[in-house]
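Examining the three-dimensional arrangement
Listed below, chain by chain, are the residues.
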Amino acid sequence: MADLSQDEWTAQLAKDTNAFILDVRTEDEVAEGYIPNATNIDIYLGQDFLSELEKLDKSKNYYVYCRSGNRSGQACAVMNSLGFENAYNLEGGFMNWEGEVAE
(Lines give C-alpha, C1' and ligand atoms only; values in the text may rest on other atoms or scores of the structure.)
Protein backbone atom coordinates (compact mmCIF):
# COMPACT_ATOMS: atom_id res chain seq x y z
CA MET A 1 0.00 0.00 0.00
CA ALA A 2 1.10 3.52 -0.71
CA ASP A 3 -0.32 6.81 0.49
CA LEU A 4 -0.34 9.25 -2.39
CA SER A 5 -1.00 12.98 -2.36
CA GLN A 6 -3.78 14.15 -4.64
CA ASP A 7 -1.20 15.31 -7.22
CA GLU A 8 0.64 11.96 -7.13
CA TRP A 9 -2.63 10.01 -7.23
CA THR A 10 -4.06 11.88 -10.22
CA ALA A 11 -0.76 11.91 -12.14
CA GLN A 12 -0.22 8.18 -11.64
CA LEU A 13 -3.87 7.41 -12.41
CA ALA A 14 -3.77 9.42 -15.64
CA LYS A 15 -1.01 7.25 -17.13
CA ASP A 16 -2.18 3.92 -15.67
CA THR A 17 -3.89 1.74 -18.30
CA ASN A 18 -4.64 -0.92 -15.68
CA ALA A 19 -6.37 1.35 -13.13
CA PHE A 20 -9.50 0.73 -11.06
CA ILE A 21 -10.91 3.52 -8.87
CA LEU A 22 -12.50 2.22 -5.66
CA ASP A 23 -14.71 4.40 -3.44
CA VAL A 24 -15.17 2.81 0.01
CA ARG A 25 -17.61 5.42 1.38
CA THR A 26 -21.25 4.91 2.38
CA GLU A 27 -24.14 5.33 -0.08
CA ASP A 28 -25.10 8.65 1.54
CA GLU A 29 -21.56 9.98 1.07
CA VAL A 30 -21.47 8.82 -2.56
CA ALA A 31 -24.78 10.62 -3.17
CA GLU A 32 -22.96 13.90 -2.41
CA GLY A 33 -20.64 13.30 -5.37
CA TYR A 34 -17.84 10.97 -6.41
CA ILE A 35 -14.72 10.77 -8.56
CA PRO A 36 -15.74 9.84 -12.14
CA ASN A 37 -15.47 6.14 -13.07
CA ALA A 38 -15.24 5.06 -9.42
CA THR A 39 -16.84 1.83 -8.22
CA ASN A 40 -18.37 1.99 -4.74
CA ILE A 41 -18.00 -0.81 -2.20
CA ASP A 42 -18.81 0.43 1.32
CA ILE A 43 -16.12 -0.66 3.79
CA TYR A 44 -18.76 -0.69 6.54
CA LEU A 45 -20.41 -3.73 4.91
CA GLY A 46 -18.00 -5.94 6.86
CA GLN A 47 -18.01 -9.48 5.47
CA ASP A 48 -19.89 -8.33 2.35
CA PHE A 49 -17.06 -5.84 1.72
CA LEU A 50 -14.55 -8.71 1.80
CA SER A 51 -16.79 -10.81 -0.46
CA GLU A 52 -17.03 -7.98 -3.00
CA LEU A 53 -13.24 -7.46 -2.91
CA GLU A 54 -12.71 -11.15 -3.66
CA LYS A 55 -14.62 -10.69 -6.93
CA LEU A 56 -12.18 -8.03 -8.15
CA ASP A 57 -9.22 -8.64 -10.46
CA LYS A 58 -6.11 -8.74 -8.25
CA SER A 59 -3.85 -7.88 -11.22
CA LYS A 60 -5.28 -4.36 -11.52
CA ASN A 61 -3.93 -1.22 -9.84
CA TYR A 62 -6.43 0.06 -7.27
CA TYR A 63 -6.83 3.76 -6.49
CA VAL A 64 -8.81 3.82 -3.26
CA TYR A 65 -10.49 6.75 -1.54
CA CYS A 66 -12.99 7.59 1.21
CA ARG A 67 -14.04 10.88 2.81
CA SER A 68 -10.82 11.66 4.68
CA GLY A 69 -8.26 8.95 3.83
CA ASN A 70 -8.68 6.82 6.98
CA ARG A 71 -11.11 4.14 5.79
CA SER A 72 -9.39 3.93 2.41
CA GLY A 73 -6.07 3.34 4.18
CA GLN A 74 -7.71 0.48 6.10
CA ALA A 75 -9.21 -0.83 2.85
CA CYS A 76 -5.78 -0.82 1.18
CA ALA A 77 -4.31 -2.80 4.10
CA VAL A 78 -7.17 -5.33 3.86
CA MET A 79 -6.67 -5.58 0.09
CA ASN A 80 -2.94 -6.21 0.54
CA SER A 81 -3.72 -9.02 3.01
CA LEU A 82 -6.08 -10.55 0.42
CA GLY A 83 -3.34 -10.58 -2.23
CA PHE A 84 -3.87 -7.28 -4.05
CA GLU A 85 -0.37 -6.03 -4.83
CA ASN A 86 -1.14 -2.48 -5.91
CA ALA A 87 -3.51 -0.43 -3.75
CA TYR A 88 -2.99 3.32 -3.56
CA ASN A 89 -4.64 5.43 -0.86
CA LEU A 90 -5.71 9.01 -1.62
CA GLU A 91 -4.36 11.14 1.25
CA GLY A 92 -6.98 13.54 2.55
CA GLY A 93 -9.74 11.68 0.72
CA PHE A 94 -12.70 13.13 -1.12
CA MET A 95 -12.92 16.00 1.37
CA ASN A 96 -9.79 17.53 -0.15
CA TRP A 97 -10.41 16.39 -3.72
CA GLU A 98 -9.98 19.20 -6.25
CA GLY A 99 -10.46 17.18 -9.43
CA GLU A 100 -13.59 16.41 -11.42
CA VAL A 101 -16.68 15.31 -9.47
CA ALA A 102 -19.64 13.32 -10.80
CA GLU A 103 -23.09 13.23 -9.20
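Refer to the preceding data block for the structure.
Residues numbered from 1 in each chain as written. Predicted model: local features only at pLDDT ≥ 70, side-chain atom pairs only at ≥ 80, totals over all residues. Heavy atoms only, no water.

1. Overview of the nonpolar core
Formally: The term nonpolar core refers to a set of buried residues drawn from Ala, Val, Leu, Ile, Met, Phe, Trp, Tyr and Cys, joined through side-chain atoms within 4.5 Å. The classification of residues rests on relative accessible area computed with a 1.4 Å probe and restricted to protein chains. Under 20% of the type maximum is buried, over 50% is exposed, and intermediate values are partly exposed. Secondary structure elements follow DSSP: runs of H or I of four or more residues count as helices, runs of E of two or more count as strands, with numbering from the N terminus. Whether two residues are in contact is decided by their heavy atoms: any pair within 4.5 Å suffices.
Counting residues in hydrophobic clusters, the biggest one holds 16 residues, and the most contacted among them are Leu22, Val24, Val64 and Met79. Elements represented by at least two residues in this core include exactly β2 (19-23), α3 (47-54), β4 (61-65) and α4 (70-81). It is α4 that provides the largest number of residues to this core, a total of three residues. Sequence-distant contacts of valine 64, defined by excluding residues within four places in its chain, comprise Trp9, Leu22, Val24, Ser72, Ala75, Cys76, Met79, Tyr88, Asn89 and Leu90.

2. Notes on the packing of aromatic side chains
The relation between two aromatic rings is expressed through the spacing of the ring centres and the mutual angle of the planes. For the record, the criterion: Think of it this way: a Phe, Tyr or Trp ring, Trp meaning its six-membered ring, pairs with another when their centres are within 6.5 Å, and the plane angle makes it stacked under 30 degrees, edge-to-face over 60, tilted otherwise.
In the structure shown here, the tally under the stated rule is seven aromatic pairs. With 5.6 Å between their ring centres and 85 degrees between their planes, tryptophan 9 and tryptophan 97 make a pair best called edge-to-face. Taken together, the residues span a long stretch of sequence, with tryptophan 9 in helix α1 (residues 6-14) and tryptophan 97 in the segment after β5 (87-90) at a distance of 88 residues. An identical accessibility class is assigned to tryptophan 9 and tryptophan 97; each is buried. With a centroid separation of 4.9 Å and 50 degrees between ring planes, the pair formed by phenylalanine 20 and tyrosine 62 is classed as tilted. Here phenylalanine 20 is found in strand β2, whereas its partner tyrosine 62 is found in strand β4, with 42 residues between them in sequence. According to the relative accessible area criterion, phenylalanine 20 is buried, its value standing at 18%.

3. Considerations on a negative patch on the surface
This is how it is decided: Residues forming no salt bridge and having over 30% relative accessible area are the ones grouped into patches, like charges within 9 Å of each other and nonpolar side chains (Val, Leu, Ile, Met, Phe, Trp, Tyr) within 5 Å. Under the convention used here, a 1.4 Å probe and the Shrake-Rupley method define accessible areas, while residue burial counts only the protein chains that appear. Throughout this description, the term salt bridge denotes a Lys or Arg side-chain nitrogen within 4 Å of a carboxyl oxygen of Asp or Glu. In this count, Lys and Arg are taken as positive residues and Asp and Glu as negative ones, while His and the chain termini are left out. Lys charges are placed at NZ, Arg charges at CZ, Asp charges at CG and Glu charges at CD.
A cluster of acidic residues, Asp3, Asp7, Glu8, Glu91 and Glu98, forms a negative patch at the surface. Relative to the assigned elements, glutamate 91 resides in the segment after β5. Classification of glutamate 91 by relative accessible area gives partly exposed; the value is 42%.

4. Observations concerning the side chain of aspartate 16
Rule in force here: In protein, a polar contact requires one atom able to donate a hydrogen and another able to accept it; more generally it is a pair of N or O atoms within 3.5 Å, and residues adjacent in sequence count only if both atoms are side-chain atoms.
You can see aspartate 16 is positioned in the loop between α1 and β2. No salt bridge is formed by the buried aspartate 16, whose closest oppositely charged neighbour, lysine 60, lies at an N-O distance of 8.1 Å. Here asparagine 61 takes part through its side chain, which lies 2.9 Å from a polar atom of the side chain of aspartate 16.

5. Comments concerning α4
What counts, and what does not: The span you would expect from a helix comes to 1.5 Å times its residue count less one.
With twelve residues, α4 extends 17 Å between its outermost C-alpha atoms, agreeing within 8% with the 16 Å of an ideal straight helix rising 1.5 Å per residue. Residues Arg71, Ser72, Gly73, Ala75, Cys76 and Met79 constitute the buried set of α4. In this structure, the buried side of α4 is in contact with β2, α2 (27-31), α3, β4 and β5. Count one or two residues on from α4 and you reach glycine 83, which has phi positive near 105 degrees.

6. Observations concerning the sheet that holds strand β3 (residues 38-40)
The criterion, for reference: Here, strands pair whenever DSSP counts at least two bridges between them. A fitted line through C-alpha atoms serves as each axis, taken over the contacting stretch for helices, and the angle formed by two N-to-C directions is quoted from 0 to 180°.
As summarised here, the arrangement of the five strands in space is β1-β5-β4-β2-β3, forming an open sheet in which the pairing is parallel. Unpaired on one side and paired on the other, β1 (2-4) and β3 mark the two borders of the sheet. Sheet twist, expressed as the mean angle between neighbouring strand axes with direction ignored, is 30 degrees. Sheet analysis places β4 next to β5, joined by three bridges and oriented parallel. Paired with valine 64 across the two strands is asparagine 89, which belongs to β5. α4 contacts β2, β4 and β5 of the sheet and is inclined by roughly 175 degrees relative to β5.

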